[in-house]
Amino acid sequence: VEICKPLEPEDYVVQPIEDVSPPKWHLAHTTWFWEEFALAKYLDGYKRFHPRYSFLFNSYYNAVGDRVLRLHRGNMSRPTVHEILEYRHYVDRHMMVLMQNLPEGLVPLMELGINHEQQHQELLFTDIKYIFGHNPLFPVYQQNFLETPASELDYSYQEIPSGTYMIGFDDNGFSFDNELGRHNVFLPTFSIRKGLVTNHEFLAFMDDGGYSNPQYWHSDGWGWVTENKIDSPLYWHPQDGEWYRYALSGLQKVNPDEPVTHIS
């Protein structure tokens, strides 16, 4: 809700492409998680806010039931933003009741739900950026929003010796299932630069024909570049002989020392 405060009601519904979910859907889906997996199962006498929300705001949880196709999430003008916020308040109030006498077996689900919420906060920022960044007015989400920190500009390399390394989660805290299955991986000796590639360096790649010379690309990448007429990172725009990029703080000149982002 805090992330969405700078938005206008019209911003909540837009879905420019299938990979972007409307902000209204994020609010509703993360609310649906608590209603579906906690309240409906563990709170005696709980009455769902709306009988069809389980269908509207399921995402990929096949075991729960049918759902709206992802590419159709932006087609729903109803329920309204106001109704979705009422839904969140309704579920919040009932979650507070449930947590007064929290069943022990529900604790892992609570932890999963919080991490699920955090995951959608990250997605919400990227989706808002795509929505605003493809609007010719380039709306400012928040004037002082810091999106990309300056790079360390350390051009030295760290050598990683060859050997067998353990990868995968190994701790007592939370992890998603795709971090599990800890296992051995053999790595040959390699070096990696300590500092990230900067906008200045990527501009040199572009000036050297980086987007017009197939020798820099694998065939699938070159096919993507040519088919989509890609000639710069996403959110970059040439104006008066200079490159600008859209950020959540608005359209601004490309900072040469920042790490390059959105290059594919």
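Here, the structure is the one placed above.
All values derive from a computational prediction rather than experimental measurement.

About the thresholds
- Just so you know, the residues in each chain are numbered from 1, in the order the chain's sequence is written.
- Reporting of local features is limited, given that this is a predicted model, to residues whose pLDDT is at least 70; pairs of side-chain atoms are given and counted only at 80 or more, and all residues count toward the totals for whole chains, interfaces and linings.
- Side-chain calculation: all heavy atoms of the structure are included, whereas hydrogens and water are not.
- Secondary structure follows DSSP: runs of H or I at least 4 residues long count as helices, runs of E at least 2 residues long count as strands, and numbering of each begins at the N terminus.
- One less than the number of residues in a helix, times 1.5 Å, gives the span that helix is expected to have.
- To sort residues, take the accessible area from a 1.4 Å probe on protein chains only and compare it with the maximum for the residue type: under 20% means buried, over 50% means exposed, and anything in between is partly exposed.
- Should any heavy atoms of two residues lie within 4.5 Å, those residues are considered in contact.
- Working definition of a nonpolar core: buried Ala, Val, Leu, Ile, Met, Phe, Trp, Tyr and Cys residues. They are joined through side-chain atoms within 4.5 Å.
- Only four residue types enter the charge count, namely Lys and Arg as positive and Asp and Glu as negative; His and the chain termini do not.
- In the sections that follow, a salt bridge refers to a side-chain nitrogen of Lys or Arg positioned within 4 Å of a carboxyl oxygen of Asp or Glu.
- Throughout this description, a polar contact denotes any pair of N or O atoms lying within 3.5 Å of each other; where both atoms belong to protein, one of them has to be capable of donating a hydrogen while the other can accept it, and for residues adjacent in sequence the pair is counted only when both atoms sit in side chains.
- Side-chain rings of Phe, Tyr and Trp (the six-membered ring for Trp) are treated as a pair once their centres are within 6.5 Å; stacked means planes under 30 degrees apart, edge-to-face means over 60, and tilted covers the remaining angles.
- The axes are straight lines fitted to the C-alpha atoms, using for helices just the contacting stretch, and the angles between their N-to-C directions are given from 0 to 180°.
- Small angles under 35 degrees read as roughly parallel and large ones over 145 as roughly antiparallel, with 65 to 115 read as roughly perpendicular and the rest as oblique.
- A crossing counts as left-handed when the near helix is turned anticlockwise from the far one by less than a right angle, and as right-handed when that turn is clockwise.

1. Quick word on helix H3 (residues 81–100)
Turning to step 1, where the next piece is worked out: For H3, with 20 residues, the first-to-last C-alpha span of 29 Å sits near the 28 Å given by 1.5 Å per residue.
Turning to step 2, where the next piece is worked out: For H3, the full list of buried residues reads Val81, Ile84, Tyr87, Arg88, Tyr90, Val91, Met95 and Leu98.
Turning to step 3, where the next piece is worked out: Those residues of H3 that are buried are in contact with helix H1 (23–42), helix H2 (53–56) and helix H4 (107–133).

2. Focus: the nonpolar core
Turning to step 1, where the next piece is worked out: Core analysis: the biggest nonpolar cluster contains 40 residues, and Phe57, Val91, Met95 and Ile128 have the highest contact counts within it.
Turning to step 2, where the next piece is worked out: Breaking this core down by element, the ones donating at least two residues are H1, H2, H3 and H4.
Turning to step 3, where the next piece is worked out: No other element matches H1, which puts 9 residues into this core.
Turning to step 4, where the next piece is worked out: Look past the residues within four positions of Val91 in its chain and what remains in contact with it is Thr31, Trp34, Glu35, Leu39 and Tyr46.
Turning to step 5, where the next piece is worked out: Counting 9 residues, the second-largest nonpolar core is a separate cluster that includes Tyr211, Ile230, Trp236 and Val260.

3. Some details on the side chain of Glu35
Turning to step 1, where the next piece is worked out: Structurally, the position occupied by Glu35 is in helix H1.
Turning to step 2, where the next piece is worked out: We note that Glu35 is buried and unpaired, the nearest opposite charge coming from Arg48 at a distance of 4.1 Å.
Turning to step 3, where the next piece is worked out: One polar contact links the side chain of Glu35 to the main-chain amide nitrogen of Phe49, over a distance of 3.1 Å.
Turning to step 4, where the next piece is worked out: Excluding its chain neighbours within four sequence positions, the residues that come into contact with Glu35 are Ala40, Tyr46, Arg48, Phe49, Tyr87 and Val91.

4. Section: the packing of aromatic side chains
Each aromatic ring pair is summarised here by two numbers: the centre-to-centre distance and the angle between the ring planes.
Turning to step 1, where the next piece is worked out: This structure, assessed with the given rule, holds 22 aromatic pairs.
Turning to step 2, where the next piece is worked out: Judged by centre distance (5.5 Å) and plane angle (80°), the ring pair of Trp32 and Phe37 falls under edge-to-face. Assigned by exposure class, Trp32 and Phe37 land together as buried.
Turning to step 3, where the next piece is worked out: Between Tyr211 and Trp217, the aromatic rings sit 5.8 Å apart at their centres with planes inclined by 40°, giving tilted as the arrangement.
Turning to step 4, where the next piece is worked out: Ring pairing ties together the aromatic residues Tyr46, Phe49, Tyr53, Phe57, Tyr87 and Tyr90, which thus form one cluster.

5. Here we look at the packing of H1 against H3
Turning to step 1, where the next piece is worked out: Packing of H1 against H3 leaves a shortest axis separation of 9 Å and a crossing angle of 30°. Regarding the angle of H1 to H3, the classification is roughly parallel. Crossing handedness for the pair H1 and H3: left-handed. Each of Lys24, Leu27, Ala28, Thr30, Thr31, Trp32, Trp34, Glu35, Ala38, Leu39 and Tyr42 in H1 lies in contact with H3, whose residues at this interface are Val81, Ile84, Leu85, Tyr87, Arg88, Val91, His94, Met95 and Leu98.

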